[in-house]
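Residue-level listing of the chains:
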Amino acid sequence: MTRYRPRHLSDRLKRALKTHPAVFLEGARQVGKTTLVKKLARELEMRYVTLDDLDLLTSAQADPEGFLTSWDEPLVIDEVQRAPELLLAIKARVDRKRAPGRYLLTGSANVLALPRVAEALVGRMAVLTLYPFSQGELEGRREAFLERAFQGRPHPEWEGADVWERVRRGGFPEAVRLENADRAEWFAGYVRTLLERDVRDISGVEQVAVLHALLALLAERTGSLLNISELSRSLGRPRSTTDKYLRLFEKLFLVHRLPAWAANPTKRLTRSPKLHMVDTGLAVHLARVFNEGALLETFVTMELTKQLSWTTEPYRLAHFRDASGREVDLVLEGPEGLVGIEVKSKRRVGPGDFSGLRVLKRSAPERFRAGFVLHPGPQALPFGDHLWSLPVQAVWRWGNDDPKNGSELE
Ligand SMILES: Nc1ncnc2c1ncn2[C@@H]1O[C@H](COP(=O)(O)OP(=O)(O)OP(=O)(O)O)[C@@H](O)[C@H]1O
Ligand SMILES: [Mg+2]
């Protein structure tokens, strides 16, 4: 067993257990859900059971209420997606007694997508998502990018950070531990298990080859606007099938949908979202060809998505694209205003790389705080008007006190 790495979501989970009768920890297979809840269960003296145990599963399905009565609380139930009927029984129990911290549940498929379940648990259950390791978790530091970005003024010199190796490695704990050849084998096994077992469990879909082909297409298109017609043509299947399979991958936390930003909130929903693979390691494994810029954009998008998952501040992330196609990869919105982030895979940044950010700034002049062009080079430079070029590693290293790691010289 390798060394346990602390998870940044842990504090947020503990806080949620103090305020909600039930907490649901969702996340892709193999991101570390069981490891994390078992650790919490020891710390908080909660009983732990898993529905991976067939006897327990049979009982939970046959008599959910009886199953819950038979265990002492507080109770951790791992793999609860195997018996979604338990969630309705939990609802009935927490309505009778609304004490916080009674249940901690985990699942690797989004069971809350079932309408009946979602409705039943509104307000009763906090839902938190565990993602693969963040770069901060891997370096043993707490990221502060979300706060620092709004203040602007990064330190000019940054230590190097083997960014492409981080992109290829991704953040699944096992994939991080293994070297290249073994990692490829691990990813192959991961995808096989998912497609052959988990997808079938939640949907009855069994076209493994088609699913595999679609996942590879999505990996090759990571960071681009969702275009179902084009995907369907490339896959050679009807739109409805493509759409259904895509939703399955989202439900299994393999693919992340990034909404569009617009100054007018009512317009946001009508614009196309972007799709990102949740893990760049998995994306590199699956894609036959890929665009380095898009891959780096996915890397940054998912690092920030992870950081959002454990903050309690109401930050939101979106992408920006206006009617004439001018774009900014990421718009980070918070109580302080908004920050635009553009990701480039070339090391040298020029004034032309800020054109999308300038458009964004004009769309929301009062709210705009700063714009950054992230790049794999070593320096942060000012480009006027609260615009900066900034090394990618600022995403997880900004905020550390060591000036070499990009904190400001006061
Ligand atoms: N915090 C951590 N530090 C070090 N290794 C970890 C950590 N979390 C998980 N791992 C390792 O990653 C692997 C998967 O972890 P775990 O079983 O907890 O994931 P999971 O999300 O419960 O997966 P599944 O959905 O398949 O049940 C295990 O080998 C585990 O030892
Ligand atoms: Mg598990």
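Residues numbered from 1 in each chain as written. Chains lettered and ligands numbered in written order. Predicted model: local features only at pLDDT ≥ 70, side-chain atom pairs only at ≥ 80, totals over all residues. Heavy atoms only, no water.

The protein chain is annotated in an unreviewed UniProt entry as ATP-binding protein of Oceanithermus profundus.

## Things to note about the site of ligand 1
For the record, the criterion: Residue proximity to a molecule or strand is established when one non-hydrogen atom of the residue lies within 4 Å of it. Identification of polar contacts relies on pairs of N or O atoms within 3.5 Å, with a donor-acceptor requirement for protein atoms, meaning one able to donate a hydrogen and the other able to accept it, and with residues adjacent in sequence counted only if both atoms are side-chain atoms. Using a grid of 1 Å spacing that covers the protein atoms alone, one calls a set of points a cavity when a 1.4 Å probe fits there but cannot get out, and a pocket when the set is open and has protein on both sides within 12 Å along at least five of seven lines; lining residues are those with an atom within 4 Å of a point. Placement in a cavity or pocket follows one criterion, namely that more than half of the molecule's atoms lie within 2 Å of its grid points. Residues are grouped as follows: Ala, Val, Leu, Ile, Met, Phe, Trp, Tyr, Cys and Pro are nonpolar; Asp, Glu, Lys and Arg are charged; all remaining types, including Gly, are polar.
Contacts to ligand 1 come from 15 residues, most closely from Arg-5, Lys-33, Thr-34, Thr-35 and Glu-174. Within the contact set of ligand 1, an oxygen atom lies 2.9 Å away from a side-chain nitrogen or oxygen of Arg-29. At a separation of 2.8 Å, an oxygen atom of ligand 1 approaches a polar side-chain atom of Glu-174. If you map ligand 1 onto the pockets, it falls in the largest pocket. When grouped by side-chain class, the residues that make up the shell around ligand 1 number four nonpolar, four polar and seven charged.

## Structural notes on empty space enclosed by the protein
Unoccupied space between atoms shows up once a probe the size of one water molecule is rolled over them. Where we set the bar: Grid points are joined across faces, edges and corners, and a volume is the space filled by probe spheres set on the points. Runs of H or I in DSSP of at least four residues are treated as helices and runs of E of at least two as strands, each being numbered from the N terminus.
Across all of its chains, the model carries three cavities of 30 Å³ or more by this definition. Forming the boundary of the largest cavity are Gln-135, Arg-166, Gly-170, Gly-171, Val-278, Asp-279, Thr-280, Thr-298, Phe-299, Met-302, Glu-303 and Lys-306. At five residues, the largest contribution of residues to the lining of the largest cavity is made by helix H16 (residues 292-310). Its residues assigned to classes, the lining of the largest cavity shows three nonpolar, five polar and four charged. Lining the second largest cavity are Arg-7, Thr-129, Leu-130, Tyr-131, Pro-132, Glu-137, Lys-306, Ser-309 and Trp-310. For the lining of the second largest cavity, a count of residues per class yields four nonpolar, two polar and three charged.

## Examining the pattern of salt bridges
Put simply, the rule reads: A pairing counts as a salt bridge when a side-chain nitrogen of Lys or Arg comes within 4 Å of a carboxyl oxygen of Asp or Glu. Buried, partly exposed and exposed residues are distinguished by accessible area as a fraction of the type maximum, computed with a 1.4 Å probe on protein chains only: under 20%, between the cut-offs, and over 50%, respectively.
Tallied over the entire structure, the rule returns 34 salt bridges. We note a salt bridge from Arg-124 to Asp-95, for which the minimum N-O separation is 2.7 Å. Of the two residues, Arg-124 sits in the loop between helix H6 (115-121) and strand S5 (125-129) while Asp-95 sits in helix H5 (residues 85-96), which places them 29 residues apart along the sequence. By relative accessible area, Arg-124 is classed as buried at 17%. Accessibility expressed as a relative area gives 35% for Asp-95, which makes it partly exposed. Across the pair Lys-274 and Glu-297 runs a salt bridge whose closest N-O atoms are separated by 2.6 Å. Placement of Lys-274 in strand S9 (residues 274-277) and of Glu-297 in helix H16 is noted, with a sequence separation of 23 residues between them. Glu-297 carries the same exposure label as Lys-274, and that label is buried.

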